[in-house]
Amino acid sequence: MKNRLSRIFNPETGRTVMLAIDHGYFQGPTIGLERIDLNIVPIAPHADTLMLTRGILRSIVPPSYTKGIVLRASGGPSILKELSNEQIAVDVEDALRLNVAALAVQVFIGGEYETQSVHNMTRLVDMGMCYGMPILAVTAVGTKMKRSARYFRLACRICAELGAHYVKTYYIPKGFESVTASCPVPIVMAGGKKMDELDALTMAYKAVQEGAAGVDMGRNIFQADSPAAMIQAVSAVVHKNLVPDQAHEMYVDLKEQE
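Here goes a summary of the coordinates provided. (Residues numbered from 1 in each chain as written. Predicted model: local features only at pLDDT ≥ 70, side-chain atom pairs only at ≥ 80, totals over all residues. Heavy atoms only, no water.)

**Observations regarding the overall build of the protein chain**
Reasoning step 1: A tally of helices and strands in the protein chain yields 12 helices and 10 strands.
Reasoning step 2: Computed over the C-alpha atoms, the radius of gyration of the protein chain is 17 Å, within 12% of the 18 Å expected from 2.2 N^0.38 for a compact globule of 258 residues.
Reasoning step 3: Here the protein chain holds 258 residues, and 52% of them are scored as buried.
Reasoning step 4: Pairs at least 24 residues apart make up 68% of the contacts formed inside the protein chain by residues separated by at least 6 positions.
Reasoning step 5: By element, 51% of the accessible surface of the protein chain is carried by carbon and sulfur atoms, the whole surface being about 11700 Å². (Helix = DSSP H or I, 4+ residues; strand = E, 2+ residues; numbered from the N terminus. Rg over C-alpha atoms; globule rule 2.2 N^0.38 Å. Buried < 20%, exposed > 50% of the residue type's maximum accessible area, 1.4 Å probe, protein only. Contact = heavy atoms within 4.5 Å. Areas by Shrake-Rupley, 256 points an atom, 1.4 Å probe, with all protein chains shown as cover.)

Dropping the structure here:
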């Protein structure tokens, strides 16, 4: 368990830069992920961990890739249906064959199928404990849910109380520190929708300064003008505490060198 977690969280900083490219499991070929072999594989070495599905791992990621893999383990509905109606979609023994560092499961606190999604997580935790496999609980926010500190304190704490080894959740400008403080396991910030590069770097900086153990960013990296420059700037924010303005200057300089 500790060995796998050390492939996710950098032992020197205790933080992680996860590159989320698992959007296709319910969205199909998301913009920026149409050709993962061309757009993602070249920048993957700059991440501490890739978060993806087993189909992409088997078909595209080279077996020489030695950094951590967080495998999406829940799924079922597409964007055309009720997203909270997920099931466990990966056998833990297949995850072991794939040599992954953790399994990720969506948890829909307040969603229509809340109990089912929590049960998915607890079943994975039980199976993971048998094999030393960490479980990442991903807090899902429906379109009708208010993104507030109160909600995220509730969602993250429930996931931690029921056995998740770490939690992925969204940053909020007001009260995020109370979310990280009230969760007894590490919290990783979700990147969310695409925004301006400086805004994304600022959000990442604020999150880690307010207690997050890193970020799990997707669209704000692979949809940036220069994904390679952006992931390096994000890594400098997370692991070196580089302030947003300096990180953005780094991003611009690296982009111009391409």
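**So, the side chain of Asp216**
Reasoning step 1: Looking at the element boundaries, Asp216 is found in strand β10 (residues 214–217).
Reasoning step 2: Here Asp216 falls in the buried class, since its relative accessible area comes to 1%.
Reasoning step 3: A polar side-chain atom of Asp216 sits 3.4 Å from the main-chain amide nitrogen of Ala20.
Reasoning step 4: Those residues in contact with Asp216 that lie beyond four places of it in its chain are Met18, Leu19, Ala20, Met51, Lys168, Val188, Met189, Ala190 and Gly191. (Polar contact = N/O pair within 3.5 Å; in protein donor to acceptor, adjacent residues only side chain to side chain.)

**A look at helix α12 (residues 244–257)**
Reasoning step 1: The first and last C-alpha atoms of α12 sit 20 Å apart over 14 residues, in line with the 20 Å expected at 1.5 Å per residue.
Reasoning step 2: Regarding α12, the residues found buried are Pro244, Ala247 and Tyr251. Along the axis of α12, the buried residues cluster in a sector spanning 60°; they form a single face. Of the exposed residues in α12, those oriented more than 90 degrees away from the buried face are Asp245, Glu249, Glu256 and Gln257.
Reasoning step 3: Along its buried surface, α12 packs onto α9 (197–209) and α11 (227–240). (Expected span 1.5 Å × (residues − 1). Arc of directions from axis to C-beta.)

**Some remarks on the nonpolar core**
Reasoning step 1: In terms of nonpolar packing, the biggest core is built from 74 residues, with Leu19, Leu71, Val100 and Leu103 touching the most fellow members.
Reasoning step 2: Not counting the four nearest positions on each side in its chain, Leu103 is found in contact with Leu71, Ala73, Val92, Ala95, Leu124, Met133, Pro134, Ile135 and Leu136.
Reasoning step 3: Ranked by size, the runner-up nonpolar core spans 13 residues in total, among them Met18, Val70, Ala101 and Tyr166. (Core = buried A, V, L, I, M, F, W, Y, C linked by side-chain atoms within 4.5 Å.)

**Description of the pairing of β10**
Reasoning step 1: Here β10 shows a buried face lined by Gly214 and Asp216 and a second buried face lined by Val215 and Met217.
Reasoning step 2: Bridge count between strand β9 (residues 187–190) and β10: two bridges; the pairing is parallel. Each bridged residue has a counterpart across the sheet, and for Met189 the counterpart in β10 is Val215.
Reasoning step 3: Handedness of the β9-α9-β10 crossover: right-handed. (Pairing = 2+ DSSP bridges. Right-handed = clockwise from strand over helix to strand, strands pointing away.)

**A word on the environment of Gly132**
Reasoning step 1: Structurally, Gly132 can be placed in the loop between α6 (114–131) and β7 (135–139).
Reasoning step 2: Look at Gly132 and you get buried, because its relative accessible area is 16%.
Reasoning step 3: Residues Gly132 and Leu96, spaced 36 residues apart in sequence, show a C-alpha to C-alpha distance of 9.8 Å.
Reasoning step 4: If we skip the residues at most four places from it in the chain, Gly132 touches Met1 and Arg4.

**Brief notes about unusual backbone geometry**
Reasoning step 1: Even without being a glycine, Asn99 presents a positive backbone phi close to 60°.
Reasoning step 2: Along the chain, the position of Asn99 falls in the loop between α5 (92–97) and β6 (102–107).
Reasoning step 3: For Asn99, a relative accessible area of 49% translates into the label partly exposed.
Reasoning step 4: You will see that Asn241, though not glycine, has its phi angle at about 55°, which is positive.
Reasoning step 5: Mapped onto the fold, Asn241 is located in the loop between α11 and α12.

**Some points on the pattern of salt bridges**
Any two side chains of opposite charge can pair, on the condition that their charged atoms come close.
Reasoning step 1: Inspection of the entire model under this criterion finds nine salt bridges.
Reasoning step 2: Between Asp37 and Arg35 there is a salt bridge, with the nearest N and O atoms lying 2.7 Å from each other.
Reasoning step 3: For Arg35, a relative accessible area of 44% gives the class partly exposed.
Reasoning step 4: Across the pair Lys168 and Asp216 runs a salt bridge, and its minimum N-O distance is 2.9 Å. Remark: Asp216 occurs in strand β10 and Lys168 occurs in strand β8 (residues 166–170); sequence separation between them is 48 residues. (Salt bridge = Lys/Arg side-chain N within 4 Å of Asp/Glu carboxyl O.)

**A few points about the packing of aromatic side chains**
One pair of aromatic rings is described through two measures. These are the centre distance and the angle between the planes.
Reasoning step 1: This structure, assessed with the given rule, holds five aromatic pairs.
Reasoning step 2: Pairing Phe9 with Tyr166 gives two aromatic rings, centres 5.1 Å apart and planes at 75°, and the pair type is edge-to-face. Highlighted residues: Phe9 in the loop between α1 (2–6) and β1 (16–20) and Tyr166 in strand β8, separated in sequence by 157 residues.
Reasoning step 3: Overall, the relative accessible area of 12% leaves Phe9 in the buried class.
Reasoning step 4: Residue class for Tyr166 comes out buried when judged on its relative accessible area of 0%.
Reasoning step 5: Here Tyr151 and Phe152 contribute two aromatic rings whose centre-to-centre distance is 5.3 Å and whose plane-to-plane angle is 70°, an arrangement assigned as edge-to-face. Across the pair, exposure class does not vary: Tyr151 and Phe152 are buried alike.
Reasoning step 6: The structure contains a cluster of three or more aromatic residues connected by ring pairs, namely Tyr151, Phe152 and Tyr170.
Reasoning step 7: Positioned over the ring face of Tyr170 is Arg147, at 4.2 Å from the centre of the ring. (Phe/Tyr/Trp six-rings, centres within 6.5 Å; stacked < 30°, edge-to-face > 60°. Lys NZ or Arg CZ within 6 Å of the ring centre and 35° of its normal.)

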